[in-house]
Amino acid sequence: MNPILTLDQISFSYHSLDGETAALENINFQVMKGEFVAIVGPSGCGKSTLLSLICGLIEPESGTIRVDGASVGYMLQKDHLLEWRTVYDNVTLGLEIQHKLTPENKEKVLKMLKTYGLEHFKRSAPSELSGGMRQRAALIRTLALEPDILLLDEPFSALDYQTRLEVGDDIGSIIRNAGKTAILVTHDLSEAVSMGDRVIILSHRPGTIKKIMPITFEEKGLSPMQRRNTKEFHSYFNQIWKELKGDGEAVGSTSKVSAERETS
Amino acid sequence: MEKLSAAQAKFLLKEKRHKQKVFFLRILILILFIAVWEAAARGGLINDFIFSSPSRIGSLFLTMAKDGSIFYHIGVTLMETVASFLLVTVLGLLLAILLWSNKGISETLEPYLVVLNSLPKSALAPVLIVWLGNNLKTIIVVGIIIAVFGSIITLTTGFLGVDQDKIKLIYTLGGKKKDVLSKVLVPSSIPIIISTMKVNIGLCLVGIIIGEFLAANKGLGYLIIYGSQVFKMDLVMLSIIVLCVLSAILYYFITMLEKKVKKKF
């Protein structure tokens, strides 16, 4: 099977008058169709930059990104629902921009609103939704464009812990059931293990791939929440944690690095 | 409706009393001012030929209302103000969008804008009369230049302050710069656009009066200058009072617009 996405020796730096900051260095990986890849790493390791590159918002300085005839949808860290639009007008924003507001697509969006429990809020203002509902609306906005690859940039980090678990479980299942290819960026290791088929561990800046860890569970088809209750979960969590910890020592274990490690 | 608790009812009553008191005091100040002015003029404390008096202003208003001349002058000033206000709003928005969309242009023009904005624009009015002539066009242009530079600067600053992530959102959805403009930039800047309009309506009126001082044979500014030259202080005072009322009404309209829009944004 051919990979849907290939990153070949990607490097990227940010430039300012004060100098150059290398964000990513020599990143190589492939993603298969229908696969859920989680990317973890300390803050500032270029995780979000990687998604912007895949989405095509920025160009890599060197290396190539091949997206084989697939469209890419990007879900940002915050929901960014536009307050001056109703929930319905927010979820159809992408369709509106791409001039795809056909009756079939409208029907599809209405169906999604129904499936994800937002049907009664379609005429409401975004401020009337709870944090979890807002995130679901943001997901519908992304899914409405029927992307083949879904990029998720810490999509749950703005939620409180309980909602975060629920929405993570919710959205993880939605993506799996829809058979979408997804790349999730997170600094939450348990989130990565509970949702991913593979976890890519990035080093501290400049981000390089330290390890790619396949995640398999004895029992198949577990939801993210169910995965959290297995013994494999804890073993994977510890392995990834050790990988990241080793990183801190490698770069000289400054206090900043260790502080970041604790929050991970 | 739910029944109010005793404490809530008491609170509401207190608030209502307070509002009534403020309203009463406001009216009282106005009445006292008029009464003292009138009494001082009649008692000979002030010379009513120089300071005029409320009764003289009132009777002049009645005379001018009967032959319609006061409404003619109000109409002229109002039309000029509204015209320059609309032009300032459109020009300010268009130029601010241009400056937002092109970093090169905005950085190049910045020092010129700052200088033009801090320049006392009334200094340009005599130049404009020479260039454009002694006519309506000049007056409206004076109204425009007084307000337009400030609004370009305020609007551009507002545009540049729009949440970068919301702009990123539009790009992730496959949008272009024009989508950013119509879907995020303008809607999220509505409050700042309205507050700029609030400032502009007053500034335009200032510009129009300055213009009328210099280059008009009609309008309230003309009446003030004409009145002072021929020592008809009643006419000057009447025009100033009408001007007060006019500016209050114009401001009120923008506030109404703001209330209407605020519900949505």
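All values derive from a computational prediction rather than experimental measurement. (Residues numbered from 1 in each chain as written. Chains lettered and ligands numbered in written order. Predicted model: local features only at pLDDT ≥ 70, side-chain atom pairs only at ≥ 80, totals over all residues. Heavy atoms only, no water.)

Notes on the interface of chain B and chain A
Heads up, the condition is: Contacts between residues were defined by any pair of non-hydrogen atoms, one from each residue, lying within 4.5 Å. The quantity reported as buried area is the accessible area (1.4 Å probe) lost by two parts once they are put together, taken as the sum for both. Salt bridge criterion: a side-chain nitrogen from Lys or Arg within 4 Å of a carboxyl oxygen from Asp or Glu. Numbering of helices and strands runs from the N terminus, with a helix taken as a DSSP run of H or I at least four residues long and a strand as a DSSP run of E at least two residues long. Residues are grouped as follows: Ala, Val, Leu, Ile, Met, Phe, Trp, Tyr, Cys and Pro are nonpolar; Asp, Glu, Lys and Arg are charged; all remaining types, including Gly, are polar.
Each partner contributes to the interface: chain B provides 18 residues, whereas chain A provides 18 residues. In total, chain B and chain A occlude about 1,600 Å² of area from one another, counting both sides; carbon and sulfur atoms represent 71% of this. Taken together, the links from chain B to chain A amount to 1 salt bridge. When the shortest N-O distance is used, the salt bridge between Lys183(B) and Glu96(A) registers 3.2 Å. Among the elements that make up the side of chain B that touches chain A, the one with the highest residue count is helix 8 (residues 164–172) of chain B (7 residues). For the side of chain B that touches chain A, the residue count by class is 7 nonpolar, 4 polar and 7 charged.

A look at unusual backbone geometry
Residues and elements named next belong to chain A. A positive phi angle, close to 50°, is found at Gln9, a residue other than glycine. Within the secondary structure, Gln9 sits in strand 1 (residues 5–16). Phi is positive for His99, which is not a glycine, with a value near 55°.

Concerning the confidence of the model for chain B
Residues and elements named next belong to chain B. Stated formally: Here pLDDT means the predictor's own confidence in every residue, given as a number from 0 to 100.
Mean pLDDT over chain B: 91, with 98% of residues reaching 70 or higher. Across chain B, the secondary-structure element scoring lowest on mean pLDDT is helix 2 (residues 48–51), at 88, and the one scoring highest is helix 4 (residues 69–101), at 95. Here the prediction assigns the complex a pTM of 0.80, and the interface score ipTM is 0.81.

Overview of the sheet that holds strand 2 (residues 19–31) of chain A
Residues and elements named next belong to chain A. Here is the rule we go by: Here a strand pair is declared whenever DSSP counts at least two bridges between the two strands. A fitted line through C-alpha atoms serves as each axis, taken over the contacting stretch for helices, and the angle formed by two N-to-C directions is quoted from 0 to 180°.
Across the sheet, 3 strands lie side by side as 2-1-4; this open sheet has antiparallel pairing. This sheet does not close on itself; its edge strands, each paired only once, are strand 2 and strand 4 (62–67). Across this sheet, the average inter-strand angle for adjacent strands is 30°, counted without regard to direction. Pairing between strand 1 and strand 4: 5 bridges, direction antiparallel.

Here's the deal with the sheet that holds strand 9 (residues 209–214) of chain A
Residue and element names in this part refer to chain A. If you walk across this open sheet you meet the 6 strands as 5-6-7-3-8-9, and the pairing is mixed. Here the strands that pair on one side only, and so sit at the sheet edges, are strand 5 (72–75) and strand 9. Direction aside, neighbouring strands of the sheet carry axes that sit 15° apart on average. In this sheet, strand 7 (residues 181–186) lies alongside strand 3 (residues 36–40) in parallel orientation, the contact comprising 5 bridges. In the strand pairing of strand 7, Val40 is matched with Thr186. Those strands touched by helix 5 (residues 131–143) are strand 5 and strand 6 (149–153), and its axis lies near 165° from that of strand 5.

Observations regarding the packing of aromatic side chains
Centre distance and the angle of the planes are the two values used to describe a pair of aromatic rings. Residue and element names in this part refer to chain B. Let me state the cut-off plainly: Classification of ring pairs uses Phe, Tyr and Trp, with its six-membered ring standing for Trp, and accepts pairs whose centres are within 6.5 Å; under 30 degrees between planes counts as stacked, over 60 as edge-to-face, and the remaining range as tilted. When a residue's accessible area, from a 1.4 Å probe over protein chains only, is under 20% of the maximum for its type it is buried; when over 50% it is exposed; and in between it is partly exposed. Placement of a positive charge over a ring is assigned whenever Lys NZ or Arg CZ falls within 6 Å of the ring centre and within 35 degrees of the normal to the ring plane.
Scanning all chains against the criterion turns up 5 aromatic pairs over all chains. Their ring planes at 20° and their centres at 5.7 Å tell us that Tyr222 and Tyr226 sit as a pair that is stacked. Taken together, the residues span about one helical turn, with Tyr222 and Tyr226 both in helix 11 (residues 220–229) at a distance of 4 residues. The partly exposed category is assigned to Tyr226, whose relative accessible area is 31%. It is Lys177 that lies over the ring of Trp100; its NZ or CZ is 5.4 Å from the centre.

Concerning the packing of helix 4 of chain B against helix 9 (residues 177–188) of chain B
All names here are of chain B. The condition is simple: For classification, angles of less than 35 degrees are called roughly parallel, those exceeding 145 degrees roughly antiparallel, those between 65 and 115 degrees roughly perpendicular, and all remaining angles oblique. A clockwise turn of the near helix away from the far one marks a right-handed crossing, whereas an anticlockwise turn of less than a right angle marks a left-handed crossing.
Across the interface, helix 4 lies against helix 9 with an axial gap of 12 Å and an inter-helix angle of 125°. Taken together, the axis directions place helix 4 and helix 9 in an arrangement best described as oblique. By crossing handedness, the relation of helix 4 to helix 9 is classed as right-handed. Contact with helix 4, carried on its side by Ile97, Trp100 and Ser101, involves Lys177, Val180, Leu181 and Leu185 of helix 9 and no other residues of that element. Split into classes, the residues belonging to the contact of helix 4 with helix 9 amount to 5 nonpolar, 1 polar and 1 charged.

Section: the nonpolar core
Soluble globular proteins tend to pack their nonpolar side chains together in the buried interior. Put simply, the rule reads: For this analysis, a nonpolar core means a set of buried residues of the types Ala, Val, Leu, Ile, Met, Phe, Trp, Tyr and Cys, connected via side-chain atoms within 4.5 Å.
Counting 129 residues, the largest nonpolar core has Ile39(A), Ile183(A) and Ile240(A) as its most contacted members. With 11 residues, the top contributor of residues to this core is helix 7 (residues 136–160) of chain B. Here Ile183(A) is in contact with Leu5(A), Val31(A), Val37(A), Ile39(A), Leu51(A), Ile54(A), Ile149(A), Leu150(A), Leu151(A) and Leu152(A), once residues within four sequence places are set aside.

Remarks on the pairing of strand 6 of chain A
All names here are of chain A. Keep this limit in mind: Consider the strands pointing away from the viewer: the crossover is right-handed when the path from the first strand over the helix to the second runs clockwise.
The element strand 6 is extensively covered by neighbouring structure, given that 5 of its 5 residues are classed as buried. Burial of strand 6 is two-sided: the residues Ile149, Leu151 and Asp153 facing one way and the residues Leu150 and Leu152 facing the other way are all buried. Where strand 6 and strand 7 come together, 5 bridges link them in parallel fashion. Following the sheet pairing, Asp153 is matched in strand 7 by Val185. As a crossover connection, the stretch from strand 6 through helix 6 (residues 161–177) into strand 7 is right-handed.

Things to note about helix 5 of chain A
Stated precisely, the cut-off is as follows: In this analysis, the expected span of each helix is defined as 1.5 Å times one less than the number of residues it contains.
The end-to-end C-alpha separation of helix 5 of chain A is 18 Å, in line with the 18 Å expected for 13 residues at 1.5 Å each. For helix 5 of chain A, the buried fraction is high: 12 of the 13 residues fall into the buried class.

Examining the packing of helix 4 of chain B against helix 11 of chain B
Residue and element names in this part refer to chain B. The N-to-C vectors of helix 4 and helix 11 enclose an angle of 120°; their axes lie 7 Å apart at closest approach. Looking at the two axes, helix 4 sits oblique to helix 11. Contact with helix 4, carried on its side by Ile70, His73, Ile74 and Thr77, involves Leu220, Gly221, Tyr222 and Leu223 of helix 11 and no other residues of that element. Residues that form the contact of helix 4 with helix 11 fall into these classes: 5 nonpolar, 3 polar and no charged.

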